[in-house]
Protein chains: 4
Amino acid sequence: MAEAKGGAPVVREGWCAARFRVRYAETDAGGVVHHSAYLPWFEEGRSELGRRTGLPYRELEAAGVLLVVVRARARYHAPARYDERIAVWTRMTEVRSRRCIFEYRVVREDDNRLLATGTTEHVPVGRDSGRPTRLPAPFLDSWQASMRRAMEK
Amino acid sequence: MAEAKGGAPVVREGWCAARFRVRYAETDAGGVVHHSAYLPWFEEGRSELGRRTGLPYRELEAAGVLLVVVRARARYHAPARYDERIAVWTRMTEVRSRRCIFEYRVVREDDNRLLATGTTEHVPVGRDSGRPTRLPAPFLDSWQASMRRAMEK
Amino acid sequence: MAEAKGGAPVVREGWCAARFRVRYAETDAGGVVHHSAYLPWFEEGRSELGRRTGLPYRELEAAGVLLVVVRARARYHAPARYDERIAVWTRMTEVRSRRCIFEYRVVREDDNRLLATGTTEHVPVGRDSGRPTRLPAPFLDSWQASMRRAMEK
Amino acid sequence: MAEAKGGAPVVREGWCAARFRVRYAETDAGGVVHHSAYLPWFEEGRSELGRRTGLPYRELEAAGVLLVVVRARARYHAPARYDERIAVWTRMTEVRSRRCIFEYRVVREDDNRLLATGTTEHVPVGRDSGRPTRLPAPFLDSWQASMRRAMEK
């Protein structure tokens, strides 16, 4: 569990982390990571969480369902720089057949500094129809179980 | 002024538009524009608005001040696809020495369909100090005048 | 026709230009445009050239054929910076049923400085089969005619 | 050491690997990774190689020197898809005070399929002067030693 500088945890049990280093291509002329790069980082958090549940996002798409982003929010607390070690802590806060919400906390691992927080909301959409659909039952069950375990902790 | 399908305007007077076509590199395996691409599009809207005021963002950086993004929000209403004509309508809804807020409406020009809406909040930061600073007076005056003209319409 | 500083033309007749400004998101911590951004710029050049021929790339994909990049080369002569006006001059140097080659010259319009040159090689691939296929006849004819007109000038 | 399907090694001793999974944001509407994404992947290979030598690129920039890309070449052999495990094998083939060349082999780890190969050429440039300079001696020595060890194997 990551701890903030003062000792307070920046993430609690029940979150799952994707870890990587900042890429040079993600920085901008301000010398820090461009704010748009955090959305792919959030997505890496979702991908890792899906893999941990045993039903990864790749398999949802293979089943003909896309989890389309309908809303994204980010707050930027401190800048990230090239080569820093990043952890994107992720959890689901809502898993329903027609809507999922993910929450993120981006932490610099070198000093456990909280860099950004955010949420994304998603609706399942049929790949071929392009229309809203239901999250297939195995994904709904698996992801809800994952969320409950996270919440209990 | 752009009109929605039913005749209601999707943007009002006083907004400024950046126009371009969707790049192939902006699409993803879902067949549509990746949601992270809208943040650089919003940024294009800000850039265009700055150029129209006569005091572009480039000159703010030349004066040693970065306008750092501290918050971004986006809602995605309909997908965009490769080669479509896009307009990013932009206006400022708050211009103060310590904080600016921009609002965006992304429209597909072929049918005036509203694709996305969003806002970004910014604070002026000294390039060298890395600390919050005041928006230099010429920018504050010029941008506030631009905002007032937009609001009056 | 663009002229280099000394008066020598940096591009000749028969090339087609895509024009845009450098986006902030395309810059990196070195203060200039990241070298990977030029490949989407080349792609914009291809897109524009396709539109000019009357048979745009979008329609090739609609016909079930992707023009897959098998080789890309770029030389970087001078850096580009945020907000600069860019023209990507593009022409086809080979159009065959199984292979196409495009050539690019990226020019800063403010001073006609040549920033980068490059080439990309492509093979037509069936979207569903994932296997090499022939460029459909209307595209082959239209693009060859375009190339010949360019070469004659 | 990675082995190709038939048993022949796709990389030899003396190369260094950066490993990660394909991000969804790196894919395009063709369903595969966009060809421009390989340049940041190559860069990840360079970053990892620099870290292994004990004198990472971050420290070169801290010393006021940028390693500017003057030439990039890529060949694309097979497509990569979302979530696949990637290794970017990297080595230096030339390390001089005025020029460095890196070589890359991108491999899908699931089946050791060779996806892409490429090279990049770089010149050291002073961050403040913007002009070519010499690679500082500690980097030159460390990187040449690394290259020699790689070549001997």
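Structure shown above.
Read on for an overview of the structure. (Residues numbered from 1 in each chain as written. Chains lettered and ligands numbered in written order. Predicted model: local features only at pLDDT ≥ 70, side-chain atom pairs only at ≥ 80, totals over all residues. Heavy atoms only, no water.)

## Some remarks on the interface of chain A and chain C
As a measure of interface size, the accessible area lost when the parts come together is often cited. Stated precisely, the cut-off is as follows: Contacts between residues were defined by any pair of non-hydrogen atoms, one from each residue, lying within 4.5 Å. Buried area adds together the accessible area that both of two parts lose upon being put together, with accessible area traced by a 1.4 Å probe. Polar contacts, as used here, are pairs of N or O atoms within 3.5 Å; protein pairs need one atom able to donate a hydrogen and one able to accept it. Residues neighboring in sequence count only if both atoms are side-chain atoms. Three classes are used: nonpolar for Ala, Val, Leu, Ile, Met, Phe, Trp, Tyr, Cys and Pro, charged for Asp, Glu, Lys and Arg, and polar for all others, with Gly counted as polar.
Listed per partner, the contact involves eight residues of chain A and eight residues of chain C. Carbon and sulfur atoms make up 62% of the surface buried where chain A meets chain C, a total of about 690 Å² over both sides. Looking only at chain A, the three residues that lose the most surface to chain C are Y24(A), A29(A) and H34(A), adding up to 55% of its buried area. In this structure, the connection of chain A to chain C is made through six residue pairs in polar contact (both at pLDDT 80 or more). Residues that form the side of chain A that touches chain C fall into these classes: three nonpolar, four polar and one charged.

## Considerations on the interface of chain B and chain A
Put simply, the rule reads: Note on definitions: salt bridges are taken to be side-chain nitrogens of Lys or Arg within 4 Å of carboxyl oxygens of Asp or Glu. Strands here are runs of E lasting at least two residues and helices are runs of H or I lasting at least four, both read from the DSSP assignment and numbered beginning at the N terminus.
Each side of the interface is counted separately: chain B has 19 residues, and chain A has 19 residues. Surface buried jointly by chain B and chain A totals about 1700 Å² across both partners, of which 53% is contributed by carbon and sulfur atoms. Of all residues in chain B, the largest losses of buried area upon contact with chain A belong to H35(B), L39(B) and Y76(B), amounting jointly to 28% of the total for that side. Counting across the chain B and chain A interface gives zero salt bridges. The tally of links between chain B and chain A comes to six residue pairs in polar contact (both at pLDDT 80 or more). For the side of chain B that touches chain A, the element with the most residues is strand β2 (residues 65–76) of chain B, which contributes nine residues. Among the residues forming the side of chain B that touches chain A, the class breakdown is nine nonpolar, four polar and six charged.

## Some points on the layout of surface pockets
Put simply, the test is: Cavities and pockets were defined on a 1 Å grid built from protein atoms only: a cavity is a group of points that admits a 1.4 Å probe but offers it no way out, a pocket is an open group of points flanked by protein on both sides within 12 Å along at least five of seven lines, and a lining residue is one with an atom within 4 Å of any such point. Grid points are joined across faces, edges and corners, and a volume is the space filled by probe spheres set on the points.
Put simply, the second largest pocket is a space of about 1200 Å³. For the second largest pocket, the lining is made up of 46 residues, of which G30(A), V32(A), P79(A), L66(B) and V68(B) are closest to its centre. For the lining of the second largest pocket, the secondary structure elements donating two or more residues are α1 (38–53), α2 (57–62), β2, β4 (99–108) and β5 (113–126) of chain B together with α2 (57–62) of chain D. In terms of residue class, the lining of the second largest pocket is made up of 23 nonpolar, 10 polar and 13 charged.

## Considering the relation of the copies chain B and chain A
Convention followed: For the least-squares superposition of copies, only C-alpha atoms count, and only for residues with pLDDT at least 70 in both.
For the pair chain B and chain A, the superposition axis carries a translation of 0.0 Å, the fit reaches an RMSD of 0.0 Å, and the rotation angle comes to 180°. The superposition operator between the copies reduces to a two-fold rotation axis. No C-alpha of chain B approaches the rotation axis more nearly than that of R73(B), which lies at 2.2 Å. Of the residues that chain B buries at the interface, 100% are likewise interface residues in chain A, meaning the two copies contact each other through the same surface.

## Section: unusual backbone geometry
Our working definition: Only protein chains enter the accessibility calculation, which uses a 1.4 Å probe; a residue whose area is less than 20% of its type maximum is buried, one above 50% is exposed, and one in between is partly exposed.
Of note in this structure, N112(A) is not a glycine but carries a positive phi near 55°. With respect to the helices and strands, the residue N112(A) is situated in the loop between β4 (99–108) and β5 (113–126). A positive phi angle, near 80°, is found at D83(B), a position not held by glycine. Structurally, D83(B) can be placed in the loop between β2 and β3 (85–96). A relative accessible area of 3% places D83(B) in the buried class.

## Section: the side chain of T53(D)
All names here are of chain D. As for its position among the elements, T53 is in helix α1 (residues 38–53). Reaching out from T53, the side chain makes a polar contact with the backbone nitrogen of L55 at a distance of 3.2 Å. Look past the residues within four positions of T53 in its chain and what remains in contact with it is S142, W143 and S146.

## Here we look at the packing of aromatic side chains
We apply this condition: Each aromatic pair joins two rings of Phe, Tyr and Trp (for Trp, the six-membered one) with centres within 6.5 Å, and gets the label stacked for planes under 30 degrees apart, edge-to-face for over 60, and tilted for any other angle. Only lysine NZ and arginine CZ atoms are considered, and such an atom sits over a ring when it is within 6 Å of the ring centre and within 35 degrees of the ring normal.
A complete count under the given rule lists 32 aromatic pairs over all chains for this structure. Ring centres of Y38(C) and Y76(C) lie 5.2 Å apart, and the angle between their planes is 75°; this geometry places the pair in the edge-to-face category. One end of the pair, Y38(C), is in helix α1 (residues 38–53); the other, Y76(C), is in strand β2 (residues 65–76), and 38 residues separate them in sequence. Taken together, the ring pairs in this structure connect F20(A), Y38(A), W41(A) and Y76(A) into an aromatic cluster. Positioned above the aromatic ring of F20(B), the side-chain terminus of R23(C) is 5.0 Å from the ring centre.

## Things to note about empty space enclosed by the protein
Where empty space is left can be seen by rolling a probe of water-molecule size over the atoms. One pass over the full model with this rule turns up three cavities of 30 Å³ or more. Counted as a void, the largest cavity has a volume near 930 Å³. When its residues are assigned to classes, the lining of the largest cavity shows 12 nonpolar, 10 polar and eight charged. Each pocket or cavity is described by its volume, and for the second largest cavity that value is around 50 Å³. L39(C), A72(C), R73(C), A74(C), Y76(C), L39(D), A72(D), R73(D), A74(D) and Y76(D) are the residues that line the second largest cavity. Among the elements of the structure, β2 of chain C together with β2 (65–76) of chain D are those that each provide at least two residues to the lining of the second largest cavity. Of the residues assigned to the lining of the second largest cavity, the class counts are eight nonpolar, no polar and two charged.

## Here's the deal with the pattern of salt bridges
Summed over all chains, the structure comprises 64 salt bridges over all chains. Linking E94(A) and R96(A) is a salt bridge whose minimum nitrogen-to-oxygen distance equals 2.8 Å. Here E94(A) falls in the partly exposed class, since its relative accessible area comes to 21%. Residue E48(B) pairs with R52(B) through a salt bridge whose shortest N-O separation is 2.9 Å. Placement of both E48(B) and R52(B) in helix α1 is noted, with a separation of four residues, approximately one turn of the helix. On the basis of relative accessibility, which here comes to 17%, the residue E48(B) falls in the buried class. Overlapping salt bridges bring together R21(A), D83(A), E48(D), R51(D), R52(D) and R58(D) as one network.

## Topic: the sheet that holds β2(B)
Put simply, the test is: Each pair of strands is called paired provided DSSP finds at least two bridges between the two strands. Every angle, taken between N-to-C directions, lies between 0 and 180 degrees, and every axis is a line fitted to C-alpha atoms, over only the stretch in contact when it is a helix.
One open sheet holds the 10 strands; their spatial order is β1(A)-β3(A)-β4(A)-β5(A)-β2(A)-β2(B)-β5(B)-β4(B)-β3(B)-β1(B), and the pairing between them is antiparallel. Here the strands that pair on one side only, and so sit at the sheet edges, are β1 (16–21) of chain A together with β1 (16–21) of chain B. Adjacent strand axes in the sheet meet at a mean angle of 25°, parallel and antiparallel pairs treated alike. Of the strand pairs in this sheet, strand β2 (residues 65–76) of chain A and β5(A) are connected by 11 bridges, and their pairing is antiparallel. For R75(A), the partnering residue across the bridge sits in β5(A) and is T117(A). Where helix α3 (residues 137–152) of chain B meets the sheet, it contacts β2, β3 and β4 of chain B, and its direction lies at approximately 115° from that of β3(B).

## Describing the pairing of strand β3 (residues 85–96) of chain A
All names here are of chain A. As defined by bridge partners, β1 adjoins β3 across six bridges and the pair is classed as antiparallel. Counted as the bridge partner of A17 is W89 from β3. With 10 bridges joining them, β3 and β4 adopt antiparallel strand pairing. The partner of A87 across the bridge, within β4, is V107. Here β3 hands over to β4 after two residues, the two strands then running antiparallel side by side.

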